[in-house]
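Breakdown of the fold
Here's the letter readout for the chains.
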Amino acid sequence: MIPYTLIRSRRKTVAIYVTKDAAVEVRAPLLMPKSSIDSFVKLKEQWILSHQALIRQRLTEKSAFALNYDDILTLCGETYPIRVERAGASGFDGKAFCIPPGLTSDEIKKAAVQIYKSVAKSLLTHKTAVFAEQMGVTPLAVKINGAKTHWGSCSGKNSINFSWRLIMADEAVIDYVVVHELAHIREHNHSPRFWAIVQDMLPDYKSRKQRLKSLQDKLLREDWD
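Notes on the structure follow. Treat the numbers as computed from the prediction; the structure is a model and nothing was measured.

Tyr116, Leu166, Ile174, Leu182 and Trp224 are the most contacted members of the largest nonpolar core, which has 50 residues in total. Of all the secondary structure elements, the ones that give two or more residues to this core are strand E4 (72–75), strand E5 (78–84), strand E7 (97–99), helix H3 (105–135), strand E10 (159–163), helix H4 (171–186), helix H5 (192–201) and helix H6 (205–220). Other than its neighbours up to four places away in sequence, leucine 166 contacts Leu124, Trp151, Ile174, Val177 and Leu212. Judged by nonpolar contacts, the second largest core, of 13 residues, contains Ala22, Val26, Ala28 and Ile48.

Before going further, it helps to examine the sheet that holds E4. Sheets are built from strands that pair by backbone hydrogen bonding, the pairs being arranged parallel or antiparallel. If you trace the four strands from one edge of the open sheet to the other, you get E4-E5-E7-E6, paired in mixed fashion. Strands with a single pairing partner mark the edges of an open sheet, and in this sheet they are E4 and strand E6 (91–92). Along the sheet, H3 makes contact with E4, E5, E6 and E7, crossing E7 at roughly 130°.

Scanning all chains against the criterion turns up zero disulfides. Take cysteine 76: it sits in no disulfide, and the sulfur closest to it among the cysteines is that of cysteine 98, at 16 Å. The exposure class of cysteine 76 is buried, given its relative accessible area of 16%.

Under the defined criterion, the tally for this structure stands at 10 aromatic pairs. Pairing tyrosine 116 with tryptophan 164 gives two aromatic rings, centres 5.6 Å apart and planes at 25°, and the pair type is stacked. One end of the pair, tyrosine 116, is in helix H3; the other, tryptophan 164, is in the loop between E10 and H4, with 48 residues separating them in the sequence. Looking at tyrosine 116, the relative accessible area reads 0%, which means it is buried. Relative to tryptophan 224, the ring of tyrosine 116 has its centre 5.7 Å away and its plane inclined at 80°; by these criteria the two rings are edge-to-face.

Reading the values: rules and limits
- Residues numbered from 1 in each chain as written.
- Predicted model: local features only at pLDDT ≥ 70, side-chain atom pairs only at ≥ 80, totals over all residues.
- Heavy atoms only, no water.
- Core = buried A, V, L, I, M, F, W, Y, C linked by side-chain atoms within 4.5 Å.
- Buried < 20%, exposed > 50% of the residue type's maximum accessible area, 1.4 Å probe, protein only.
- Helix = DSSP H or I, 4+ residues; strand = E, 2+ residues; numbered from the N terminus.
- Contact = heavy atoms within 4.5 Å.
- Pairing = 2+ DSSP bridges.
- Axes fitted to C-alpha atoms, helices over the stretch in contact; angles between N-to-C directions.
- Disulfide = S-S within 2.5 Å.
- Phe/Tyr/Trp six-rings, centres within 6.5 Å; stacked < 30°, edge-to-face > 60°.

Here's what the structure looks like:
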């Protein structure tokens, strides 16, 4: 029997979750017999093992993630090298991530993140303004955050937030997320009316949305914390 943590609640069905550290959680109704829960876990054994293997592989790759000079980073779907900038200032010059010499791997990563955040603030603020005008909406503000599981969000007061990680996606995908969040100013939900607004702006939004999943998988294998 695969070991698992049992969480009982007033739910009506049993469900299995493999956590981000490859542990297994089973959530079951209050009165469901333990034997029935064990049988369900046994039935899903192969599914559990395959998911645990995938997560452990990702964890191994994530723990090995490190940045060094001359490594390649992705920005707006394009790849650029990390180049030594002997003048001492970090930045992106259109051809490379320019980072001061003599830094450790962790310091290089921190410098790269700051560059990403700077580019994200400039580009995403600009794109939001352009699409907001086209869509006839007015966001309260545009902010950049470090969200790991949400590319963007729109608050109840219509403040737009984007994860700096979004700046790694290609520009067509970035445009989709910008339009998605701006559409929430009109529809704070994911109703058919909401998706109609998105489709009106980007008829191919579904393919753009799908490409986000590839970036998400890439980031699951990298340690940007």
